Amino acid sequence: MKTILMKFQGPLQSYGTDSHFETRHTDDHPSKGAVLGLVAAALGIRREETVKLQELCNLRMVVRVDQIGQMSREFQIAAKYKKTGDHERNYVTYRYYLEDAGFLVALEGEDALIERIYEALKRPYFQLFYGRRSCPVNYDFLLGIYEGTAFDQIREWPWIAADWYCKRRSRQEKIRLDVYGDVACMPEESQRVLRRDQPVSFSQMGRQHDLRFESHKSIWVLNPNYIRTDLQTEHDAFAALMEE
């Protein structure tokens, strides 16, 4: 069993699992549909090739929230036309994004498939995005391929939050992080929710996603920027002044 580790850490990310028409929401952490869509793009799988997509559905995923992002919203003006080609009206559409968020994403699967995906991620066929085309991945998003399970890698990997984010928590020796994953990766966890993000088809004629149970737990990681505030010294500046 091998695992690919990726760092999702861009200025903007968006992972909608419940979006309709003019309003496009985002979840607070990457969806499995978005992650498998990124993998499919790297492999050169086109939207209509649903059979090839099904091979990826056996992959197991775990996500660690290393840096909580802020929600932002933009609006766009869209035009609607009649069947005759005449302009009917303009309307506003809203799109939501996560700003300055950071996630550690682990994909676990059979060795041969994981190795093929890893090579494709290094040299992707199509451009890769964090959920939407307006959110391209960072140049250093691919961390490596490792032996072992996705959850073990997530639990052992150092904190990947940005330096400025870490320094804000410099008084905390350990940081509690939320972890979300497939039930097969975290079977002992009782906190499970249904999420409609298991991709069936990415076709423009009708995208389809099935429901998936997702487990949730918290883990602790060390803060590399921790500064102790309880250190004491035997030096007494006032006593030194009195001696003079």
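A short tour of the structure in this document, coming up.

1. Examining the pairing of strand β10 (residues 192-201)
- For β10 and strand β11 (residues 208-222), the ladder comprises 8 bridges, and the chain directions are antiparallel. Within the sheet, the bridge partner assigned to R196 lies in β11 and is L211.
- Hairpin remark: β10 followed by β11, antiparallel, with 6 residues in the connecting loop.

2. Quick look at the sheet that holds strand β1 (residues 2-8)
- Strand order in the open sheet formed by 7 strands is β8-β1-β7-β4-β9-β11-β10, with antiparallel pairing between adjacent strands. Edge strands, defined here as strands with exactly one partner in the open sheet, are β8 (142-147) and β10. The mean inter-strand angle of the sheet, taken between neighbouring strand axes irrespective of direction, is 25°.
- As paired strands, β1 and β8 are joined by 5 bridges and run antiparallel to one another. Note on β8: the bridge partner recorded for L5 is G144.
- Against the sheet, helix α1 (residues 32-43) engages β1, β4 (60-67), β7 (102-109), β9 (174-182), β10 and β11, with an angle of about 30° to β10.
- Where helix α3 (residues 111-122) meets the sheet, its contacts fall on β1, β7 and β8, and the angle it forms with β1 comes to roughly 30°.

3. Examining α1
- The terminal C-alpha atoms of α1 lie 16 Å apart, and with 12 residues this matches the ideal 16 Å at 1.5 Å per residue to within 8%.
- Of all 12 residues that make up α1, 10 are buried, and the element is covered over most of its length.
- Every buried residue belonging to α1 is among K32, G33, A34, V35, L36, L38, V39, A40, A41 and A42, and all of these are buried.
- Of the residues one or two after α1, G44 is the one with positive phi, at around 85°.

4. Topic: a positive patch on the surface
- A contiguous patch of positive charge, built from R24, R47, R133 and R207, is present on the exposed surface.
- Along the chain, the position of R133 falls in the loop between α3 and β8.

5. Remarks on the nonpolar core
- By size, the foremost hydrophobic cluster in this structure holds 39 residues, and its most contacted members are M6, F8, L56, F103, L121 and F141.
- Of all the elements in the fold, those that place two or more residues in this core are β1, α1, α2 (50-56), β4, β6 (87-99), β7 and α3.
- At 8 residues, α1 tops the list of elements feeding residues into this core.
- In this view, L121 contacts I4, M6, L38, A42, L128, F141 and L142; residues no more than four positions away in its chain are not counted.
- Membership of the second largest hydrophobic core comes to 19 residues, among which are L104, W159, C166 and L177.

Thresholds, definitions, all that
- Residues numbered from 1 in each chain as written.
- Predicted model: local features only at pLDDT ≥ 70, side-chain atom pairs only at ≥ 80, totals over all residues.
- Heavy atoms only, no water.
- Pairing = 2+ DSSP bridges.
- Helix = DSSP H or I, 4+ residues; strand = E, 2+ residues; numbered from the N terminus.
- Axes fitted to C-alpha atoms, helices over the stretch in contact; angles between N-to-C directions.
- Contact = heavy atoms within 4.5 Å.
- Expected span 1.5 Å × (residues − 1).
- Buried < 20%, exposed > 50% of the residue type's maximum accessible area, 1.4 Å probe, protein only.
- Patch = residues over 30% accessible without salt bridge, like charges linked within 9 Å, V, L, I, M, F, W, Y side chains within 5 Å.
- Areas by Shrake-Rupley, 256 points an atom, 1.4 Å probe, with all protein chains shown as cover.
- Salt bridge = Lys/Arg side-chain N within 4 Å of Asp/Glu carboxyl O.
- Lys, Arg positive; Asp, Glu negative; His and termini not counted.
- Charge placed at Lys NZ, Arg CZ, Asp CG, Glu CD.
- Core = buried A, V, L, I, M, F, W, Y, C linked by side-chain atoms within 4.5 Å.

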